[in-house]
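# An overview of the molecular structure
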Amino acid sequence: MSPSPHASGMAAAAPRENRGVGRLLIWAALCFAVPAVLPRVVKPKKEPVAASAQRSTVAMEVRDVPRTIAELQAANPDYIAIGNSMLYTRLGKTPEKMNALTGKKFFFIVRNGSSSAAWYLSLKNIVAASGVKPKLVFFFIRDNDITSPFFRTAGDYAVYLNSLRGPEEPVLDAILGKAPQRQGPAGSLGRLLNGPGGLYHFPDWDEKLPRQVIDLAMDIGAVGTPKTALRSTLSSRFALEHLRPDLGADTPAPGSGDGYAPDGYSDLIGNYQEAEERSFLPAMMETAKEHGLKLLFFRIKRRPDNKGVVSDESPALREYARHLQKWIEEHGGLFFDETYDASIPASIYQDGDHVGEKHMDWYRASFWKRTAGLFP
Amino acid sequence: MIFQSIDYLVFLVCVLAIYWAMRHRAQNVVLLIAGYVFYGYVHPWYGILLGATTLVDFVCSRKIEDEPARKRFWLGCILLSNFTVLATFKYFGFFTENLVAILQAMGMNASVPLFKMLLPAGVSFYTFQSCAYAVDVYRGDTRARRNLLDYSVYVAFFPQLVAGPIERADHLLVQVERPRRFNATVVRDALFLFLWGLVKKRVIADTAALYCNKAFSLGDSSFPLVWAGVLCFCVQIYADFSAYTDMARASAKLLGFDLRQNFNHPWLAQSPADFWRRWHMSLSSWFRDYVFIPLGGSRCSEGKIVRNLMITFLLSGLWHGASWNFILWGGWWGVWLVIWRQFERGAPGFAKNKGALPSLIRWGVTFVLMNIGWLMFREQNLHELVRQMTANPFTAPKDDWHIAGFFTALMVLYSIPLWLHAALEKPLLSRWEDLRDTWKGFMLQTLGGIVLFLLLLLMSSKVSSDFIYFQF
């Protein structure tokens, strides 16, 4: 039967094609139903948390929590610093120089690109869990990252976060579970398909197969090198100091999804109350209180212009910092903002907001001079 | 809107539901609206540019046919308007930056205000498609269309609007003009093809991109890591671009259209010319038909053939992006096409020998040339490019060899589906027409669909990136 040019496409379907429609429906039902059922029926063998934490889809840095706790207990430091490249391009990757400068004992928990979610887990699952009682735990923060809970929690960062997780993380899951959700039919369909409890959501299978392929590739491609050694090599080879300056600068590009204002939170700089309520900050203060820890939040000065002024510091951000300080101090913490410190010149910055290595000795001395009063 | 998003899924289902309930003329209206919604989804002003291009080309093409005495003038108008759009959005910044650099090198204190604007997605694709139509009308190869709706659908056909395949009027426009029939078997094939495209994009290309980006993020990369990164990029770009084409072709099939093939297993190429017959076929045939042949093609003196090849490939490089590395990449292929041509003339016995060893050698050489080309394509920083090209394998640390070995093995594992596809497609396709309507064919396709969907669910990369060719 040849369809009329004016006939509707569907109406023109011949009887033989009706059989085709039936087969199409059966085909679609099988293709989309079997994968929804199969991973629920066939469960992968459970791995111990520590073992899975050691694996990563890109084999980048992960934290061995028990080992870090053991190192921390052995060090029994006076002060613990937690942060990302803002910390280690200022005070160093390891605390030896700070120890020598101050005559005190420091311990650093540092990771490239880590953010407030990772700092919260480090505080709770490493510092508090270790039983060590430092005189002060301090965090190097930038802009409003301490109240941007979703910042750097996906992709590679999720792997690092998972390596810090304990068996139960109600606060983390509750906060990240409140990630702004897309509205409209696309958002609803997305949640129906692969949201928690969705048709195609398989937490048991999370990263299981990709990890096995990675392990196989490690066995084939790096014969004679144990996987743990290769992971450690990968971690150090792709560390910040090996990256191109433009990539190592750690200045997120606008709209890159790596910025300071994750989806739906772009207006929080001017709305501090909401940011504070949804951030990890209250949980950090609570953890500190429970374990008798004193916290200091040190807000670094972003790269200034040639006159030493931070041009990115908008009036809204200035207001935000004021609120942040008030809140932290009201809750028993300490806050130090070096943004307006004219003694920190542009010349010490190497790339982005990082301080150049040859200026780090100067910075350490300056840091200690300016903040010594806060360190009990 | 990107094919691998939920947004597109919702959009496509809505379009299909409305589309198949309509008659032919109304279907075209639906397609036109869908094309503009799809294109203007992120930046609505893109639609204005698309509409203006369509209108100018439609009117001037009619003039070419209506006023034969002035047809050269009207063709000039079309080419000028299209290439002005391209030059403004794509090349203006590149040319001014280079002009300033030249003037500064000459000691002049030049300062041209930087004119940076967002490159509208797909502008290189639809302007080339529109130009092809105008040239075809000018040559008398096709007639100027009198129906603005049909022509607008041809330019704004959403499955291939943003990254091709670049279509011709005698293939796509005639389908727009003809009524389409719903065919459930074709729909099944289309869904299967879409799934295969999704797997290529989300499982293979996005995973390869992670490792490629890692390798290219190093400021002190060594020989093994550079080339392991290039291999990752080789897998990424093929999986990524062919995935887009598969999903475009699948979306078109769902609407009752057939789009051209854009890839024919380029990794199997046995010479540079063979590579260009297999890679981005719609673009290479465009350059062949509208640049190389008008320049004289290969029916002229050897010197002119060399010139024609070099011009064609340098322009092809420039088409990809306003950056010197793309021009270098085009030049690289142009030079090798010229060299291979001489080789074929000098040693025809070897060049055309179908024996296993000669074939293997030709394949190996072409594969290496392709990967050196990909390094030029990927690395936009020319200083880095020189450093990477001259990296010494003997000074590379042992650890870097281990990492490179791991990256390479991973890419080999992830590209297994692509090799399987290359090996199985020909024997399977030749029998598919007979098999498709049988239960055996049905079961085979069902099993394949389940496997693909499971792969998609369980092996997708956690990080999804845009299609590489969107930037062109």
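Residues numbered from 1 in each chain as written. Chains lettered and ligands numbered in written order. Predicted model: local features only at pLDDT ≥ 70, side-chain atom pairs only at ≥ 80, totals over all residues. Heavy atoms only, no water.

### Describing the overall build of chain B
Worth spelling out the cut-off: Segments assigned H or I by DSSP are reported as helices when at least four residues long, segments assigned E as strands when at least two residues long, and all are numbered from the N terminus. With a 1.4 Å probe rolled over the protein chains alone, any residue whose accessible area is under 20% of its type maximum counts as buried; one over 50% counts as exposed, and the rest are partly exposed. Working rule for contacts: check all heavy atoms of both residues, and any pair within 4.5 Å makes them a contact. Every accessible area reported is derived by Shrake-Rupley at a probe size of 1.4 Å, with residue values counting cover from the shown protein chains alone.
On a plain count of helices and strands, chain B comes out with 20 helices and zero strands. Looking at the 472 residues of chain B, the share that counts as buried comes to 57%. For chain B, contacts bridging at least 24 residues in sequence account for 77% of all contacts bridging at least 6. As displayed, chain B offers around 19,400 Å² of accessible surface, 67% of which is attributable to carbon and sulfur atoms.

### Thoughts on the pairing of strand 2 (residues 106-110) of chain A
Residue and element names in this part refer to chain A. To be explicit about the condition: Being paired, for any two strands, means DSSP has found at least two bridges between them.
Most of strand 2 is tucked away: five of the five residues are buried. Residues F106, F108 and V110 point to one face of strand 2 and F107 and I109 to the other, with burial holding for every one of them. Sheet topology note: the strand 1 (residues 79-83)/strand 2 ladder contains five bridges and is parallel. Among the inter-strand pairings, I82 is bridged to a residue of strand 2, identified as I109.

### Observations concerning the interface of chain A and chain B
Note the cut-off: Once two parts are put together, the accessible area they lose, assessed with a 1.4 Å probe and summed over both, is termed the buried area. When a carboxyl oxygen of Asp or Glu is within 4 Å of a side-chain nitrogen of Lys or Arg, the pair counts as a salt bridge.
Of the residues lining the interface, 59 residues belong to chain A; the matching set on chain B comes to 62 residues. Between chain A and chain B, the buried area comes to about 5,300 Å², and carbon and sulfur atoms account for 70% of it. For chain A, the biggest contributors to the area lost against chain B are R23(A), W27(A) and R244(A); these three give 16% of the whole. In this assembly, chain A and chain B are joined by two salt bridges. R237(A) is paired through a salt bridge with D400(B); the nearest N and O atoms lie 2.8 Å apart.

### Let's talk about the sheet that holds strand 2 of chain A
All names here are of chain A. Applicable threshold: To obtain an axis, a line is fitted to C-alpha atoms, over the contacting stretch when the element is a helix, and the angle between two such axes runs from 0 to 180 degrees between their N-to-C directions.
What the five strands build is an open sheet, ordered 2-1-3-4-5; its pairing is parallel. Both edges of this open sheet fall to strand 2 and strand 5 (334-337), since each of them pairs with a single strand only. In this sheet, adjacent strand axes meet at a mean angle of 20° when their direction is disregarded. Strand direction decides the pairing type here: strand 3 (residues 136-141) and strand 4 (residues 295-299), joined by five bridges, are parallel. Counted as the bridge partner of V137 is L295 from strand 4. This element, helix 15 (residues 315-330), spans strand 3, strand 4 and strand 5 of the sheet and lies at about 155° to strand 5.

### Here's the deal with the confidence of the model for chain A
When pLDDT is low, close inspection of the predicted coordinates is not appropriate. Residues and elements named next belong to chain A. Stated formally: pLDDT measures how confident the predictor is about each residue, on a scale from 0 to 100.
Confidence along chain A averages 78 in pLDDT terms, with 75% of residues attaining 70 or more. Mean pLDDT values for the elements of chain A range from 41 in helix 2 (residues 49-53) up to 96 in strand 4. Within the model, pLDDT remains below 50 along residues 1-13, and this stretch shows 21 contacts once partners closer than five positions in the same chain are excluded. Note on residues 48-60: pLDDT is under 50 here. Beyond four places in sequence and across chains, it has 32 contacts.

### Comments concerning the pattern of salt bridges
All names here are of chain B. For the structure shown, the criterion picks out 33 salt bridges over all chains. Note that D150 is salt-bridged to R25, the shortest N-O span being 2.8 Å. Of the two residues, D150 sits in helix 6 (residues 148-155) while R25 sits in helix 2 (residues 24-39), which places them 125 residues apart along the sequence. Classification of D150 as buried rests on a relative accessible area of 4%.

### A few points about the nonpolar core
Selection rule: Side-chain atoms within 4.5 Å are what join buried Ala, Val, Leu, Ile, Met, Phe, Trp, Tyr and Cys residues into a set we call a nonpolar core. Per the annotation, domain bounds derive from an automatic or database assignment of domains.
The biggest cluster of nonpolar side chains holds 167 residues, and the ones touching the most others in it are F158(B), W333(B), W374(B), F406(B) and F407(B). Looking at this core, the element that brings in the most residues is helix 10 (residues 223-254) of chain B, giving 20 residues. Formed jointly, this core draws a minimum of three residues from each of two domains, domain 1 (6-180) and domain 2 (185-471) of chain B. Residues W119(A), L161(A), A283(A) and I328(A) belong to the second largest nonpolar core, which totals 40 residues.

### Quick notes on unusual backbone geometry
The phi dihedral of N76(A) falls on the positive side, at around 40°, and the residue is not glycine. Within the secondary structure, N76(A) sits in the loop between helix 3 (65-75) and strand 1. Even without a glycine there, the phi angle at H280(B) is positive, about 40°. Topologically, H280(B) is positioned in the loop between helix 11 (272-278) and helix 12 (281-292).

### What to know about the layout of surface pockets
Residue and element names in this part refer to chain B. Let me state the cut-off plainly: Here a cavity denotes a set of grid points, spaced 1 Å apart and computed over the protein atoms alone, in which a 1.4 Å probe fits but from which it cannot get out, and a pocket denotes an open set meeting protein on both sides within 12 Å along at least five of seven lines; residues with an atom within 4 Å of a point are reported as lining. Grid points are joined across faces, edges and corners, and a volume is the space filled by probe spheres set on the points. Residues are grouped as follows: Ala, Val, Leu, Ile, Met, Phe, Trp, Tyr, Cys and Pro are nonpolar; Asp, Glu, Lys and Arg are charged; every other residue, Gly included, is polar.
By volume, the second largest pocket is sized at about 1,300 Å³. Lining the second largest pocket are 33 residues, with F192, W196, H421, E425 and L428 sitting closest to its centre. With nine residues, helix 19 (residues 416-435) is the largest single contributor of residues to the lining of the second largest pocket. When the residues that make up the lining of the second largest pocket are grouped by side-chain class, the tally is 16 nonpolar, nine polar and eight charged.

### Looking at the packing of helix 3 (residues 45-66) of chain B against helix 6 of chain B
All names here are of chain B. Filter applied, for reference: Working definition: roughly parallel below 35 degrees, roughly antiparallel above 145 degrees, roughly perpendicular at 65 to 115 degrees, and oblique for all remaining angles. When the near helix sits turned anticlockwise from the far one by under a right angle, the crossing is termed left-handed; a clockwise turn instead gives a right-handed crossing.
Viewed as axis vectors pointing N to C, helix 3 and helix 6 meet at an angle of 130°, and their least axial separation amounts to 10 Å. Here helix 6 runs oblique to helix 3, going by the angle between their axes. Of the two elements, helix 3 crosses helix 6, and the hand of that crossing is right-handed. When helix 3 is examined against helix 6, the residues L50, T54, L55, D57 and F58 are found in contact with a partner set consisting of L148, Y151, S152 and V155. Considering only residue class, the contact of helix 3 with helix 6 consists of six nonpolar, two polar and one charged.

### Topic: the side chain of E379(B)
The cut-off we apply is this: In protein, a polar contact means a hydrogen-donor-capable atom and an acceptor-capable atom, both N or O and within 3.5 Å, with residues adjacent in sequence counting only if both atoms are side-chain atoms; elsewhere, any N or O pair within 3.5 Å suffices.
With respect to the element layout, E379(B) can be found in the loop between helix 16 (356-378) and helix 17 (382-389). Given the relative accessible area of 3%, E379(B) is considered buried. Engagement of the side chain of E379(B) in a polar contact is seen with the backbone nitrogen of N381(B), the distance being 3.1 Å. Each residue touching E379(B), except ones within four places of it in the same chain, is listed here: R244(A), F216(B), N325(B), E384(B), L385(B) and Q388(B).

### Some points on helix 12 of chain B
Where burial is concerned, most of helix 12 of chain B is hidden: ten out of the twelve residues are buried. Within helix 12 of chain B the residues assigned to the buried category are S282(B), L283(B), S284(B), S285(B), W286(B), F287(B), D289(B), Y290(B), V291(B) and F292(B).

### Remarks on the packing of aromatic side chains
Two measures describe an aromatic ring pair: the distance that separates the ring centres and the angle between the ring planes. Heads up, the rule is: Two aromatic rings, drawn from Phe, Tyr or Trp (for Trp, its six-membered ring), form a pair once their centres lie within 6.5 Å of each other, and the interplanar angle then sorts them: stacked below 30 degrees, edge-to-face above 60, tilted otherwise. When the NZ atom of lysine or the CZ atom of arginine is within 6 Å of a ring's centre and also within 35 degrees of its normal, the charge is said to sit over that ring.
For the coordinates displayed, the defined rule picks out 84 aromatic pairs over all chains. Geometrically, the ring pair formed by F106(A) and F375(A) is tilted, given 6.1 Å between the ring centres and 45° between the ring planes. Linking F106(A) in strand 2 with F375(A) in the segment after helix 16 (360-371), this pair joins segments that are 269 residues apart in sequence. Grouping residues by exposure puts F106(A) and F375(A) together as buried. Ring plane angle 75° and centroid distance 5.5 Å describe the contact between W286(B) and F287(B), whose orientation is recorded as edge-to-face. For W286(B), a relative accessible area of 5% puts it in the buried group. A relative accessible area of 5% places F287(B) in the buried class. The aromatic ring of Y363(A) is capped on one face by R90(A), whose charged end is 5.7 Å from the ring centroid.

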